[in-house]
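Understanding the architecture of this molecule
The primary structure of each chain is shown beneath.
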Amino acid sequence: MNNSKKDVIVIGAGPVGLFLARELVRHGRSVLLVEKKDGQSAHSKALAVMPRTLEVFEMAGIAQPFLDAAHIVTKAALLDGNERLGELPIEPSLSRYPYVAMIPQDVSEALLLAELRRSGGEVNYATEALAVEQTADAVNVHLRSGGADYWVSAAYLVGTDGAHSVVRHALGLEFEGGSYAAAFVLADIETTGELPADEMQLCPHAAGALACFPMSASRRRIVAMVDAEPEGGPDLAFVQHLLDTRGLAKLRASRLIWGSNFKIHHRQASSMRSGRAFLAGDAAHIHSPFGAQGMNTGLQDAWNLAWKLRLALAGLATPELLDSYASERHAAAERVIRLTDTITKAMASRNRLAQAIRKRAIPILTHLDWFKRVFVDTLTELSVGYPHSPIVQGEGQRATDEPLAEGAHLYQCLGAGFVLLAPPIAPLLDEVAARFSAVVSRKAHLGADGICLVRPDGYVAFESASATARDARLLEQVLRKQVRLPNAAALA
Ligand SMILES: Cc1cc2nc3c(=O)[nH]c(=O)nc-3n(C[C@H](O)[C@H](O)[C@H](O)COP(=O)(O)OP(=O)(O)OC[C@H]3O[C@@H](n4cnc5c(N)ncnc54)[C@H](O)[C@@H]3O)c2cc1C
């Protein structure tokens, strides 16, 4: 391992660490990514890759291999025994990805690793982080590898080392929250039988909720609440019994691929930043798997942080820009914890009154257009935004993809710098764009008189229906909140 000082040390090569490292390396930053295991996990854990994650992958230029590997699911059915209580089509507004892409986590990790290597990066396996220390201008990490102990230094550190994060402990950050009392089993099975392969089935049964996710035409992921954990995990007969008694008797389990018992916790780190060290992914937040948000939320942490670290390393970030990572993503994760808690309670409650309410409410709610729209946009993470962020003006909402002049579209131009969408002729805006040309590219706003500044991660930093001198001043103020120019004094 080359121990010269790196730009960033990333601890933990799960999906979040791999994606973050790749986003830094492809823009020329030196990264040391260490992983205590000998290789990637072989488990299928996180299955559902949400539309917003696919959009993020598109902006990062890596969507296609994920789409090639995906099994597409377009709706969720809610069943009570043989009765179909309702159906939720996954039809999010204004996305090129109106579906959930089912991709086992080991496959997602292999794809992210391949993209990291293609960009010139690598994982240092069998290397464990033991301790972290910080000074004013560096962060130092104590590593152990092959029986040798040594320290490495970098300008920044990111702990993507999972729920038991050593980095979080070393930073003295609390992991506040609790656990759900219920026990759960998970099983990936080969099946025969007649169930649509483009639909997930959710069965909020009196004996405990069961969910069935298609992984391919014949493979299914079963997750179910159980009274007592089967010793050593569920076997094939146990899974078939669950299917027979919870409303999916049509499905025959023919082979168990992977089975596990698990408990659910909901916790959040008190902060996602301490000095030069950051937390992302499960190291910063864990929650119920109802809603399949975990890996998706972590990948969005990485996406939010990568461009801010790149600007900081280039000497172009204001202190507020790096601070905004913790405030924006802490708030986003808090919303995810609330959402998954609500879904868990609604689906898993075995209280008789709750069951009766659920049975009446589901058919009503799944017929309400506004409910379907809000629920699906939330679940698909397309409604994630940064409304109270100190570095944006307005709602900080996701910018939808749109065609630009010269045949390109917006998402193809994001990932690296800001995009300023403005009328083709607007000299005052051209002056602002020219001053910030190190980080802003100017594009013609087709068919619109106003302006829109889109951040490198695809969120709107500033928007106005007009393009006056006042708008140009406001635009400059927003940019100066985040970007420090080498000749900033001259801008006053
Ligand atoms: C059964 C199950 C089903 C799930 N289903 C879904 C789903 O459908 N959708 C979804 O979005 N999420 C799901 N999740 C959650 C998802 O798996 C996690 O959110 C995701 O793995 C988090 O990624 P991460 O990179 O933050 O952490 P991890 O995947 O936990 O990776 C952390 C890495 O850090 C390494 N590490 C730890 N400590 C050190 C150290 N000191 N030094 C070096 N390396 C270290 C670990 O070995 C590990 O490889 C599921 C989880 C489980 C268990």
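Refer to the structure above for everything that follows.
What you see is a predicted model, and the numbers here were worked out from it, not measured in a lab. (Residues numbered from 1 in each chain as written. Predicted model: local features only at pLDDT ≥ 70, side-chain atom pairs only at ≥ 80, totals over all residues. Heavy atoms only, no water.)

Further remarks concern the overall build of the protein. Helix and strand counts for the protein come out as 13 helices and 23 strands. Taken over C-alpha atoms, the radius of gyration comes to 24 Å for the protein, in line with the 23 Å a tight globule of 492 residues would show. In terms of its C-alpha atoms, the protein occupies a principal-axis envelope of roughly 75 × 60 × 40 Å. By residue count, 55% of the 492 residues in the protein fall in the buried class. Once local pairs closer than 6 in sequence are excluded, the contacts in the protein between residues at least 24 apart make up 70%. Side chains of the protein give 50 positive and 53 negative charges; the mean places of these two sets differ by 2 Å. (Helix = DSSP H or I, 4+ residues; strand = E, 2+ residues; numbered from the N terminus. Rg over C-alpha atoms; globule rule 2.2 N^0.38 Å. Buried < 20%, exposed > 50% of the residue type's maximum accessible area, 1.4 Å probe, protein only. Contact = heavy atoms within 4.5 Å. Lys, Arg positive; Asp, Glu negative; His and termini not counted. Charge placed at Lys NZ, Arg CZ, Asp CG, Glu CD.)

Now for the site of the ligand. Around the ligand there are 30 residues in total, and Glu35, Lys37, Gln105, Asp282 and Met295 lie nearest to it. Residue leucine 47 places a main-chain N or O atom 3.1 Å away from an oxygen atom belonging to the ligand. Measuring from an oxygen atom of the ligand, one finds a side-chain N or O atom of aspartate 282 at 2.8 Å. Protein burial of the ligand: of its 990 Å² of free accessible surface, 85% is covered by the chains. Elements represented by at least two residues in the shell around the ligand include exactly α1 (15–25), β9 (127–134) and α7 (294–313). (Near = heavy atom within 4 Å. Polar contact = N/O pair within 3.5 Å; in protein donor to acceptor, adjacent residues only side chain to side chain. Areas by Shrake-Rupley, 256 points an atom, 1.4 Å probe, with all protein chains shown as cover.)

Moving on, we get to the packing of α1 against helix α4 (residues 105–118). Interhelical geometry of α1 versus α4 gives an angle of 20° and a closest axis separation of 9 Å. One element, α1, and the other, α4, form an angle in the roughly parallel class. Pair α1 / α4 crosses with left-handed handedness. The residues of α4 that touch α1, namely those facing Pro15, Leu18, Phe19, Ala21, Arg22 and Val25, are Gln105, Glu109, Leu112, Leu113, Glu115 and Leu116. Here the residues of the contact of α1 with α4 sort into eight nonpolar, one polar and three charged. (Axes fitted to C-alpha atoms, helices over the stretch in contact; angles between N-to-C directions. Parallel < 35°, antiparallel > 145°, perpendicular 65-115°, else oblique. Left-handed = near helix turned anticlockwise from the far one by under 90°. Nonpolar A, V, L, I, M, F, W, Y, C, P; charged D, E, K, R; others polar.)

Of all the seven residues making up strand β14 (residues 208–214), seven are buried; the element is thus mostly covered by neighbouring parts of the structure. Burial along β14 is two-sided: Gly208, Leu210, Cys212 and Pro214 facing one way and Ala209, Ala211 and Phe213 facing the other are all buried. Bridge count between strand β13 (residues 199–205) and β14: five bridges; the pairing is antiparallel. From the neighbouring strand, glutamine 201 faces β14, where its bridge partner is cysteine 212. (Pairing = 2+ DSSP bridges.)

With that out of the way, let us pick up the sheet that holds strand β3 (residues 48–49). Pairing in this open sheet of three strands is antiparallel, and the strands run β3-β7-β4 from one edge to the other. Each edge of the open sheet carries a strand with a single partner, namely β3 and β4 (71–73).

We now examine the packing of α7 against helix α8 (residues 319–348). Look at α7 against α8: their axes get within 9 Å of each other, and the N-to-C directions meet at 175°. If you check the angle between α7 and α8, you find them roughly antiparallel. From α7, Thr297, Gln300, Asp301, Asn304, Leu305, Trp307, Lys308, Leu309, Leu311 and Ala312 reach across to α8, where they touch Leu321, Leu322, Ser324, Tyr325, Glu328, Arg329 and Val336.

Moving on to helix α6 (residues 236–245). Of the positions making up α6, those classed as buried are Val239, Gln240, Leu242 and Leu243. Seen from one end, α6 has its buried residues packed into an arc of 155°, which puts them on one side. On its buried face, α6 is in contact with β12 (175–193), β14, β15 (219–226) and β16 (251–269). (Arc of directions from axis to C-beta.)

Summed over all chains, the structure comprises twelve aromatic pairs. Note on tryptophan 307 and phenylalanine 418: the rings are 5.5 Å apart at their centroids and 85° apart in plane angle, and the pair reads as edge-to-face. Note that tryptophan 307 is positioned in helix α7 and phenylalanine 418 in strand β20 (residues 418–422), a separation of 111 residues in sequence. Assessed through its relative accessible area of 3%, tryptophan 307 is described here as buried. Under the relative-accessibility criterion, phenylalanine 418 is labelled buried at 1%. Members of the aromatic cluster, connected to one another through ring pairs, are Phe19, Phe57, Phe66 and Trp303. Just above the ring of phenylalanine 175 sits the side chain of arginine 168; from NZ or CZ to the centre is 3.6 Å. (Phe/Tyr/Trp six-rings, centres within 6.5 Å; stacked < 30°, edge-to-face > 60°. Lys NZ or Arg CZ within 6 Å of the ring centre and 35° of its normal.)

To continue, consider the sheet that holds β13. Note: strands within a sheet are paired through backbone hydrogen bonds, in either parallel or antiparallel orientation. Taken in spatial order, the eight strands of this open sheet run β6-β5-β13-β14-β15-β12-β16-β19, and their pairing is mixed. Bordering the open sheet on either side are β6 (83–89) and β19 (285–286), each of which pairs with just one other strand. Here β16 runs beside β19; their pairing, made up of two bridges, is antiparallel. Paired with arginine 267 across the bridge in β19 is isoleucine 286. Packed onto the sheet, α6 meets β12, β13, β14, β15 and β16 and runs at close to 85° relative to β16. Strand contacts of helix α9 (residues 352–365): β5 (75–80), β6 and β13, with the helix running at about 45° to β6, the strand carrying the most contacts.

The next point concerns the pairing of strand β11 (residues 148–159). Bridge count for strand β1 (residues 6–11) against β11 is five bridges, and the pairing is parallel. Opposite isoleucine 9, over in β11, you have leucine 157 as the bridge partner. As judged from the seven bridges shared by strand β10 (residues 139–145) and β11, these two strands associate in the antiparallel manner. Among the inter-strand pairings, valine 141 is bridged to a residue of β11, identified as valine 152.

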